[in-house]
Amino acid sequence: INMGEHPDWGTMIFDYSKPKVQEFLIANAVYWMREFKVDGFRVDGVSSMLFLDYGRNDFIPNKDGGKINYDPIEFLKKFNRVVHEINPDVITVAEESTGWAGLTKPLSENGIGFDFMWGMGAMHHIRQFATGENRNNDRCSSLFDIGLEAAIKKGLRPQSRGRRQPSLLNRLQM
């Protein structure tokens, strides 16, 4: 059950208003947690889920005439509630690029309930810094913004996977 193809990615868009779609997706997460002891989920393309017009030229407005997609918001809340009920230590990360308020707010505060946000802007700024692409010569400011955003929004920033190898941001501080 889908709502057409996403033009940027060539993938089908789930119809989150359908209970069977929600049940299927959450059942898969629960299966991975129970069968393979998965203790974290990164949900890709959350911006595209939240906005009906994200990356689309044509879209059908919501019931209020706006662009917010209510069904995926309710699905994401349900997803976070279920996986955290099964394992309170599970980590959920939303890959999101629009700065949606409440993404990492607890469900009890009417948030969506993700533990962290992975801001795609961080990867863009770090690539610009490392390659010298930033034509405004404001490279350090961009990296400062990444750290500030991470602190404010419970965001994540890319770091080295090797414990002995410092991350790019740590190297800049040396």
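Residues numbered from 1 in each chain as written. Predicted model: local features only at pLDDT ≥ 70, side-chain atom pairs only at ≥ 80, totals over all residues. Heavy atoms only, no water.

Some words on the overall build of the chain
Now for step 1: A count of helices and strands for the chain gives six helices and six strands.
Now for step 2: When the elements of the chain are put in sequence order from the N terminus, they spell out β-β-α-β-α-α-β-β-α-α-β-α.
Now for step 3: Just so you have it, the chain exposes about 11200 Å², and 51% of that area is on carbon and sulfur atoms. (Helix = DSSP H or I, 4+ residues; strand = E, 2+ residues; numbered from the N terminus. Areas by Shrake-Rupley, 256 points an atom, 1.4 Å probe, with all protein chains shown as cover.)

Observations regarding the confidence of the model for the chain
Now for step 1: Residues at a pLDDT of 70 or more form 67% of the chain, whose mean pLDDT is 78.
Now for step 2: Across the chain, element-level confidence peaks in helix α3 (residues 70-86) with a mean pLDDT of 98 and bottoms out in helix α6 (residues 168-173) with 39.
Now for step 3: Below a pLDDT of 50 lies the segment residues 157-174, which in the model reaches 18 contacts outside its immediate sequence neighbourhood of four places, other chains included. (pLDDT = per-residue confidence, 0-100. Contact = heavy atoms within 4.5 Å.)

A few points about the packing of helix α1 (residues 19-36) against α3
Now for step 1: Between α1 and α3, the least distance of the axes is 10 Å, while the angle of their chain directions is 25 degrees. The orientation of α1 with respect to α3, classified from their angle, is roughly parallel. Here α1 runs over α3; the crossing is right-handed. Contacts between α1 and α3 pair Gln-22, Leu-25, Ile-26, Ala-29, Val-30, Met-33 and Arg-34 from the former with Asp-71, Phe-75, Lys-78, Phe-79, Val-82, Val-83 and Ile-86 from the latter.
Now for step 2: Across the contact of α1 with α3, the residue classes break down as 10 nonpolar, one polar and three charged. (Axes fitted to C-alpha atoms, helices over the stretch in contact; angles between N-to-C directions. Parallel < 35°, antiparallel > 145°, perpendicular 65-115°, else oblique. Left-handed = near helix turned anticlockwise from the far one by under 90°. Nonpolar A, V, L, I, M, F, W, Y, C, P; charged D, E, K, R; others polar.)

As for the packing of aromatic side chains
Now for step 1: Tallied over the full model, the rule gives seven aromatic pairs.
Now for step 2: With centroids separated by 5.7 Å and ring planes inclined at 80 degrees, the aromatic side chains of Tyr-31 and Phe-36 adopt a geometry described as edge-to-face.
Now for step 3: Members of the aromatic cluster, joined through ring pairs, are Phe-14, Tyr-16, Phe-41, Phe-75 and Phe-79. (Phe/Tyr/Trp six-rings, centres within 6.5 Å; stacked < 30°, edge-to-face > 60°.)

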